[in-house]
Amino acid sequence: MTAEATPAADSSHWAPDGLPASEVLDVRHLPTYAFSHRSIMWWATLGLMVIESTVFALAVMMYFYLRSLSATWPINAIPPDLLWGTVNTVILLLSAIPNHMAKREAERLNRVRARNWLLVCLLSAILFLAIRAFEFATLNVSWTLNAYGSIVWLLLGLHTVHLITDTIDTSVLTVLLYTGPLEGKRYVDVSENAAYWYFVVVSWLPIYAVIYWAPRW
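The following refers to the structure shown.

Cut-offs used in this document
Residues numbered from 1 in each chain as written. Predicted model: local features only at pLDDT ≥ 70, side-chain atom pairs only at ≥ 80, totals over all residues. Heavy atoms only, no water. Phe/Tyr/Trp six-rings, centres within 6.5 Å; stacked < 30°, edge-to-face > 60°. Helix = DSSP H or I, 4+ residues; strand = E, 2+ residues; numbered from the N terminus. Buried < 20%, exposed > 50% of the residue type's maximum accessible area, 1.4 Å probe, protein only. Expected span 1.5 Å × (residues − 1). Contact = heavy atoms within 4.5 Å.

The final tally for this structure, using the stated rule, is 10 aromatic pairs. Ring geometry for Phe56 against Phe199: centres 6.2 Å apart, planes inclined by 35°, an arrangement best described as tilted. Of this pair, Phe56 sits in helix H1 (residues 40-69) while Phe199 sits in helix H5 (residues 185-213), and the two are 143 residues apart along the sequence. Look at Phe56 and you get buried, because its relative accessible area is 6%. Here Phe199 falls in the buried class, since its relative accessible area comes to 11%.

If you want it as structure tokens, here you go:
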């Protein structure tokens, strides 16, 4: 008596993990990156901006709290010179233009234009940081002198740290776009870097008003 052979299962109907092919979703054709709210980087950048906005707000509140405790303000000092802070404000506002262009070209996956605009962004950031040194020199008060000096240096220092970190990020992205190899997700990084620069620009405006104009009120 011979055993009847059992037909072998058709492997074409089964996925490698043992699931029926009809239950497996093939996502190989989908992109590995996305822009705006579809990207995890967008949400991470948004969360970072919320946290840092809170820090800036607390520092500004501290400024006015200390002012409320003082009979005179500024304490044993004259208000900061307006020239360099105002010049830097104009430069920072103008820098939003190349950042917007870099963001737009990155989202169009145009490597050449994105990297060229990113280079302009980097140069404007370096210029801003160079002038920021003059701002510190014309605050007309030392950070060790009194509460007024400490809070003014703290406000300007906080914003400067954000400028430095974003300048470093911009320089790294610029090198990557010029040298390669270039992964698609780097376009997302350029887009989110520009979005963060918008935050740096907008956050500076109230800080500028507090540092340079509040002592004159």
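Counted at 1.5 Å a residue, the expected span for H1 with its 30 residues is 44 Å, and the 44 Å between its end C-alpha atoms agrees. All buried positions along H1 are accounted for by Thr45, Met49, Glu52, Phe56, Ala59, Val60 and Tyr63. Of the surrounding secondary structure, the elements contacted by the buried residues of H1 are helix H4 (147-179) and H5.

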